[in-house]
Amino acid sequence: MDWLQVVILALVQGITEFLPVSSSAHLILVPVLTNWQDQGLAFDVALHLGSLLAVVLYFRRDLTAMTISWGRSLRTRRPDADARLAWAVLLGTIPVGLAGLAFKDTIETVLRSPLYLAAGLIVFGVVLAWADLRHRGSRTEHQMTWKDVLVIGCAQAVALFPGTSRSGITITAALFMGMNREAASRFSFLLSIPVIVLACGLLIKDLIETPEPIQWGFMAVGVLLSGVSAYLCIHYFLAFIKHIGMMPFVAYRIVLGIILIGIFA
């Protein structure tokens, strides 16, 4: 890698990780369109770590309250709103964890072609628009039922298909279940924390099994740029999503998908 590749990949990861536009699709496409060599497992870990630090830092107060309430609920068996939200995040992660272990090899090989990415971007972009325009409600993340958590958790497993977008599909499912845009987005971001932890764990496992030289300078810059851009992305997305809605992201997904079909079909 060179410094230009480091900067671009880190910014792409940070900006797209929490937007409903598929970060995996963009990270797969950048090397394809630029003829860059694969950035390697170590740098993938750095990019994911930056995103993880960003979301944990942004929701640090919520996470502290959720953790304290969750621990108390184990003793009292009387979960309050924060404890129920913590349980929802944990339970909502189970489907994607199982699906990831079962289909990891297929996802990393068969489904990484640009045409699969294009299909995922377009199809799930249209579904996002439908959910936002027709099914959006007013409930918050603290008003979810266990049925809501199950539906959103299973939807998150679908995001293993490249081009779907983990944040996009979980926001879509939450909107279908009658949540408002801000609540759907907040729960999606909280739900990303254990998923990114699991992804980092799998990457580190692969890195240990197939050791490669680690360029610590590139790693540090990757973490920093990915983290800062992801933090700003979360902040401004939540600040403006009530007013801008999902349609700008839907339009972007469809246009990008059409461009990919035009290039690679």
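The structure this text deals with has already been given above.
A short tour of the structure in this document, coming up.

### Here we look at the overall build of the protein chain
Okay, step 1: When its secondary structure is counted, the protein chain shows 11 helices and zero strands.
Okay, step 2: Along the chain direction, N to C, the helices and strands of the protein chain fall in the order α-α-α-α-α-α-α-α-α-α-α.
Okay, step 3: For a compact globule of 265 residues, the expected C-alpha radius of gyration is about 18 Å, and the protein chain comes in at 18 Å, within 12% of that figure.
Okay, step 4: For the protein chain, the spread of C-alpha atoms along the three principal axes comes to 55 × 40 × 35 Å.
Okay, step 5: Across the 265 residues that make up the protein chain, the buried fraction comes to 49%.
Okay, step 6: Here the contacts in the protein chain between residues at least 6 apart in sequence split such that 82% fall between residues at least 24 apart.

### Some thoughts on the pattern of salt bridges
Okay, step 1: As enumerated under the stated definition, the model contains seven salt bridges in all.
Okay, step 2: Between D132 and R181 there is a salt bridge; the shortest N-O distance is 2.9 Å. Of this pair, D132 sits in helix α6 (residues 114-135) while R181 sits in helix α9 (residues 181-209), placing them 49 residues apart in sequence. The same class applies to D132 and to R181, which are both buried.

### Quick word on the nonpolar core
Okay, step 1: Core analysis: the biggest nonpolar cluster contains 45 residues, and F59, M144, I152, F187, F189 and F237 have the highest contact counts within it.
Okay, step 2: Considering every element that reaches this core, the biggest residue donor is α9, with nine residues.
Okay, step 3: Those residues in contact with F59, other than ones at most four positions away along the chain, are R186, F189, L190, I234 and L238.
Okay, step 4: In terms of nonpolar packing, the next biggest core, distinct from the first, is built from 13 residues, L9, F43, A46 and L47 among them.

### Focus on unusual backbone geometry
Okay, step 1: For N35, which is not a glycine, the phi torsion comes out positive at approximately 65 degrees.
Okay, step 2: Mapped onto the elements of the fold, N35 is located in the loop between α2 (23-34) and α3 (41-58).
Okay, step 3: Located in the positive-phi region is S165, a residue other than glycine, with phi close to 85 degrees.
Okay, step 4: The topology assignment puts S165 in the loop between α7 (146-158) and α8 (166-176).

### Topic: the packing of α3 against α9
Okay, step 1: Close contact between α3 and α9 brings their axes to 9 Å; oriented N to C, the two are set at 155 degrees. One way to sum up the angle between α3 and α9 is to call them roughly antiparallel. As α3 runs across α9, the sense of the crossing is left-handed. Only F189, S192, I193, I196, V197, A199, C200, L203, I204, D206 and L207 of α9 make contact with α3, whose side of the interface consists of L41, A42, D44, V45, H48, L49, S51, L52, V55 and V56.
Okay, step 2: Grouping the constituent residues of the contact of α3 with α9 by class yields 16 nonpolar, three polar and two charged.

### Quick word on the environment of L19
Okay, step 1: Relative to the helices and strands, L19 resides in the loop between α1 (3-16) and α2.
Okay, step 2: The spatial distance from the C-alpha of L19 to the C-alpha of F189 is 9.7 Å, given a sequence separation of 170 residues.
Okay, step 3: Not counting residues up to four positions away in its chain, the partners in contact with L19 are S165, S167, C233, F237 and F249.

### Some remarks on a nonpolar patch on the surface
Okay, step 1: Taken together, the side chains of L224, V228, L232, Y236, F240 and I244 present a nonpolar region at the surface, about 570 Å² in accessible area.
Okay, step 2: Summarising the element assignment, L232 is placed in helix α10 (residues 216-244).

### A few points about α8
Okay, step 1: Here α8 lies mainly inside the structure; 10 of its 11 residues are buried.
Okay, step 2: Buried within α8 we find R166, S167, G168, I169, T170, I171, T172, A173, A174 and L175.
Okay, step 3: Among the structural elements, α6, α7, α9 and α10 are those in contact with the buried residues of α8.

### Here we look at the packing of aromatic side chains
Okay, step 1: As enumerated under the stated definition, the model contains 11 aromatic pairs in all.
Okay, step 2: An angle of 5 degrees between the planes, with centres 6.2 Å apart, marks the rings of Y236 and F240 as stacked. Residue Y236 and its partner F240 are both found in helix α10; the two are separated by four residues, about one turn of the helix.
Okay, step 3: Among the residues examined, Y236 registers a relative accessible area of 46% and is labelled partly exposed.
Okay, step 4: One aromatic cluster in this structure is built from F18, Y58, F59, F189, Y231, F237 and F249.

Scoring rules and cut-offs
- Residues numbered from 1 in each chain as written.
- Predicted model: local features only at pLDDT ≥ 70, side-chain atom pairs only at ≥ 80, totals over all residues.
- Heavy atoms only, no water.
- Helix = DSSP H or I, 4+ residues; strand = E, 2+ residues; numbered from the N terminus.
- Rg over C-alpha atoms; globule rule 2.2 N^0.38 Å.
- Buried < 20%, exposed > 50% of the residue type's maximum accessible area, 1.4 Å probe, protein only.
- Contact = heavy atoms within 4.5 Å.
- Salt bridge = Lys/Arg side-chain N within 4 Å of Asp/Glu carboxyl O.
- Core = buried A, V, L, I, M, F, W, Y, C linked by side-chain atoms within 4.5 Å.
- Axes fitted to C-alpha atoms, helices over the stretch in contact; angles between N-to-C directions.
- Parallel < 35°, antiparallel > 145°, perpendicular 65-115°, else oblique.
- Left-handed = near helix turned anticlockwise from the far one by under 90°.
- Nonpolar A, V, L, I, M, F, W, Y, C, P; charged D, E, K, R; others polar.
- Patch = residues over 30% accessible without salt bridge, like charges linked within 9 Å, V, L, I, M, F, W, Y side chains within 5 Å.
- Areas by Shrake-Rupley, 256 points an atom, 1.4 Å probe, with all protein chains shown as cover.
- Phe/Tyr/Trp six-rings, centres within 6.5 Å; stacked < 30°, edge-to-face > 60°.

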